[in-house]
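These are the residues of each chain, in order.
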Amino acid sequence: MYLGACTQGPDSPRGFSLPEGDPQAGEAVFIAYQCLACHSLKGYEDTDIAPQLDKKVPLGGDVTKIKTYAELVTSVINPSHKIAMGYKREGYTDEQGQSKMRNYNDVMTVTEMVNLVAFLQPQYQLKPFNRTNYPQYFP
Ligand code: HEC
């Protein structure tokens, strides 16, 4: 049986938990921090914000690589951690392979981040973040 390297050990998301967020407050965070400069999100087309990427990164839905709550949080506070292969090809990273996403860690409060993720989470088909997903074998 194969288990991904990150599912166990000190870097595992096991035991990771954030307080429950307020999605409505999170929507305000999403707008205020101008995530739409680089992202598209169904129902949130905003033409007033000057685009910062040639091609916007879609959030939510089935089109993304995000699978778990922990990955969603990671995407916001540590975007370069796990850049999807597709993004590398499409010019979403700089010469060093770092994400072009703005770093919010020194400007966003933890409360804002928790609310933001509570807002974003329902836009994705997420699996619960504390569940271990054992690979299934289809003969
Ligand atoms: C300057 C451009 C820029 C801004 C502003 C920006 N992002 Fe991003 N974001 C990116 C890029 C580029 C990627 C794709 C590469 C990566 O995963 O880091 C990305 C990826 C993501 C992902 C992962 C998407 C996926 O499906 O893998 C999430 C979630 C995300 N951003 C949320 C946000 C939120 C929330 C904000 C506002 C607080 C924001 N971003 C602001 C550029 C930006």
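What you see is a predicted model, and the numbers here were worked out from it, not measured in a lab. (Residues numbered from 1 in each chain as written. Predicted model: local features only at pLDDT ≥ 70, side-chain atom pairs only at ≥ 80, totals over all residues. Heavy atoms only, no water.)

Novice: Teacher, can you tell me more about unusual backbone geometry here?
Specialist: Comment: phi is negative for the bulk of residues other than glycine, and the bulk of peptide bonds are trans. The phi torsion at Gln34 lies on the positive side, around 55°, for a residue other than glycine. The residue Gln34 is located in the loop between α1 (23–32) and β1 (39–40) in this model. You can call Gln34 partly exposed: its relative accessible area is 40%. (Helix = DSSP H or I, 4+ residues; strand = E, 2+ residues; numbered from the N terminus. Buried < 20%, exposed > 50% of the residue type's maximum accessible area, 1.4 Å probe, protein only.)

Novice: I would appreciate a short explanation of α1 in the present structure.
Specialist: Because an α-helix packs 3.6 residues into every turn, residues spaced three or four apart end up facing the same way. All of the buried residues in α1 are Gly26, Val29 and Phe30. Down the axis of α1, the buried set is contained in an arc of 100°. They therefore lie on one face. In α1, the exposed positions that point more than 90 degrees away from the buried face belong to Gln24 and Ala32. On the buried face of α1, the contacting elements are α4 (110–120). Two or three places before Gln24, at the opening of α1, Asp22 has a side-chain oxygen 2.9 Å from that residue's backbone nitrogen. (Arc of directions from axis to C-beta. Contact = heavy atoms within 4.5 Å. Polar contact = N/O pair within 3.5 Å; in protein donor to acceptor, adjacent residues only side chain to side chain.)

Novice: Teacher, can you tell me more about α4 here?
Specialist: Most of α4 sits inside the fold, with 8 of its 11 residues counted as buried. Those residues of α4 not exposed but buried are Met113, Val114, Asn115, Leu116, Val117, Ala118, Phe119 and Leu120. Each element contacted by the buried residues of α4 is listed here: α1 and α2 (69–77).

Novice: When you look at the nonpolar core in this model, what are you seeing that I'm missing?
Specialist: Inside soluble globular proteins, nonpolar side chains tend to come together where they are buried. Of all hydrophobic cores here, the largest spans 26 residues; its most connected members are Phe30, Met108, Leu116 and Leu120. Of all the secondary structure elements, the ones that give two or more residues to this core are α1, α2 and α4. The element contributing the most residues to this core is α4, with 5 residues. Those residues in contact with Leu116 that sit more than four places away from it in its chain are Gly26, Val29, Phe30, Val76 and Met108. (Core = buried A, V, L, I, M, F, W, Y, C linked by side-chain atoms within 4.5 Å.)

Novice: What is the right way to read the site of the ligand from this model?
Specialist: What surrounds the ligand is a group of 26 residues, the closest being Cys35, Cys38, His39, Ser99 and Met101. His39 is positioned such that a nitrogen or oxygen atom in its side chain is 2.7 Å from a nitrogen atom of the ligand. Between the ligand and Ser99 there is a distance of 2.6 Å, counted from an oxygen atom to a side-chain nitrogen or oxygen. Those elements giving two or more residues to the shell around the ligand turn out to be α2 and α4. Residues belonging to the shell around the ligand are distributed by class as follows: 18 nonpolar, 5 polar and 3 charged. (Near = heavy atom within 4 Å. Nonpolar A, V, L, I, M, F, W, Y, C, P; charged D, E, K, R; others polar.)

Note that every value here comes from positions in space, so none of it alone points to a role or purpose.
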